[in-house]
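# Chain and residue survey
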Amino acid sequence: MTKGRTVGSDSSRNVTIAMIARLAGVSVPTVSRVINGRSDVSPQTRERVEGLLTQHGYRRRSPAGRRPGSALVDLVFNDLDSPWAVEIIRGVEDVAHASGAGTVVSAIHQRTSSAKQWLDNMRGRSTEGVIFVTSMVAPPLQAELRRRGVPVVIVDPAGVAPQEAPTIGATNWAGSLGANQYLLGLGHRRIGFIAGPPQLMCSRARLDGYRAALDAAGVAIDDALIRPGNFYHESGYAAGTDLLALPDAPTAIFASSDQMALGVYEAVRKRGLRVPDDVSVVGFDDLPEVRWCSPPLTTVRQPLAEMGMLAARTVLRLANGERIESPRFELATELVVRDSTAPPR
């Protein structure tokens, strides 16, 4: 979002697009269209908005475009200790750099104090828009960003996203369904499942896909084969250890993330077993390193970099007052078959 400062005695007060929109009695996108010289604004509205922009000393960008580094996209994660975060950052960076904008990456660790500090920091910079990743955007934070006219896009939302915020996701249900149908097609009937954090919609969709695949194949769902996880290696190891210790252990395990699948590898090794001879393993994400592990991991490819690119394009379009085709985007997943899966003995 572009911002300027008032002139005269009130020069310390920020002038935002949201403020101009409120004074003019129009929407934030309408003000953005006027600022960007768009033709789809009535002459009367344009005149009213232009007058307010001049009156309050709003500073516009040069029509030739933004200077490199003069505008920023905020990319906010709950945590940054996962390899898939790097893939999303790469996608956002590619699009932001091409548009002449910089990227500010932050982690708020699901703490109110961290979110408040991030918001305080954001007020001091020229933020075009904010991309939240696997985040629950608290109502006070929503209200503040809305007041400032800062557009928001959410990647893999936790829970129900704000109605006005576009969301970017992947076909989690279909990806899980296809992976488990593949295992069923190999002849597996005892398939373990390691879930992701239950508050995330993507986790629930992957569990639903697993259940749908078994149900469609006429295989009874055994709750003893379903274990909780948090997408990280340690939870995959713990869940894999529990599943392999069952009297009637699974012949295949589907983990809701690649990191958890690699944790299952460790559990299999420590039990003196082998992948895929004794147990097949499937992950979800297709992180770069899983093609080099031993054996290379069969997994559901989630287009993480592409999700980041789409999120950046969307938030920049909103910042420019442009309309987007849909408030909800889902990119296709794809099963990548490698050497960690085989028919059961």
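Now for a look at the structure at hand. (Residues numbered from 1 in each chain as written. Predicted model: local features only at pLDDT ≥ 70, side-chain atom pairs only at ≥ 80, totals over all residues. Heavy atoms only, no water.)

Our next topic: the packing of helix α4 (residues 83–98) against helix α11 (residues 304–319). Running from N to C, α4 and α11 point in directions that differ by 40°, and their axes come no closer than 7 Å. One finds that α4 runs oblique with respect to α11. Taken as a pair, α4 and α11 cross one another with a handedness that is right-handed. Residues W84, E87, I88, R90, G91, V92 and V95 of α4 form the contact with α11, whose own contacting residues are L304, A305, G308, M309, A312, R313 and L316. A class-by-class count of the residues in the contact of α4 with α11 yields nine nonpolar, two polar and three charged. (Axes fitted to C-alpha atoms, helices over the stretch in contact; angles between N-to-C directions. Helix = DSSP H or I, 4+ residues; strand = E, 2+ residues; numbered from the N terminus. Parallel < 35°, antiparallel > 145°, perpendicular 65-115°, else oblique. Left-handed = near helix turned anticlockwise from the far one by under 90°. Contact = heavy atoms within 4.5 Å. Nonpolar A, V, L, I, M, F, W, Y, C, P; charged D, E, K, R; others polar.)

It is worth spelling out the packing of helix α1 (residues 17–24) against helix α3 (residues 43–55) at this point. One way to put it is that α1 packs onto α3 with a least axis distance of 10 Å and a crossing angle of 130°. When the interaxial angle is binned, α1 and α3 end up oblique. The way α1 lies across α3 gives a crossing that is right-handed. Only R48, V49, L52 and L53 of α3 make contact with α1, whose side of the interface consists of I20, L23 and A24.

It is worth spelling out the nonpolar core at this point. Counting residues in hydrophobic clusters, the biggest one holds 64 residues, and the most contacted among them are I88, I131, V133, V155, I168, I194 and F254. With seven residues, the single largest contributor to this core is α11. Excluding residues that lie within four positions of it along the chain, V133 makes contacts with L75, V76, F77, N78, W84, I88 and V155. Residues I108, L119, M122 and L141 belong to the second largest nonpolar core, which totals 14 residues. (Core = buried A, V, L, I, M, F, W, Y, C linked by side-chain atoms within 4.5 Å. Buried < 20%, exposed > 50% of the residue type's maximum accessible area, 1.4 Å probe, protein only.)

A few words now on α4. The end-to-end C-alpha separation of α4 is 24 Å, in line with the 22 Å expected for 16 residues at 1.5 Å each. Buried positions along α4 lie against β3 (71–77), β4 (101–107), β5 (127–133), β6 (152–155), β11 (280–285) and α11. (Expected span 1.5 Å × (residues − 1).)

Another point: the side chain of D286. Structurally, D286 is set in the loop between β11 and β12 (298–301). Excluding anything up to four places from it in sequence, D286 contacts D258, R291, T299, V300, R301, V336 and R338.

All right, on to unusual backbone geometry then. Residues V275 and P276 are joined by a peptide bond in cis, for which omega reads 0°. Within the secondary structure, P276 sits in the loop between α10 (258–270) and β11. Backbone torsion omega between S294 and P295 reads -5°, so that peptide bond is classified as cis. Inspection of the secondary structure assignment puts P295 in the loop between β11 and β12. Backbone geometry at D156 places phi at a positive 50°, although glycine is not the residue there. With respect to the element layout, D156 can be found in the loop between β6 and β7 (167–170). Positive phi, normally seen in glycine, also occurs at F231, with a value near 80°. Inspection of the secondary structure puts F231 in the loop between β9 (226–227) and α9 (233–244).

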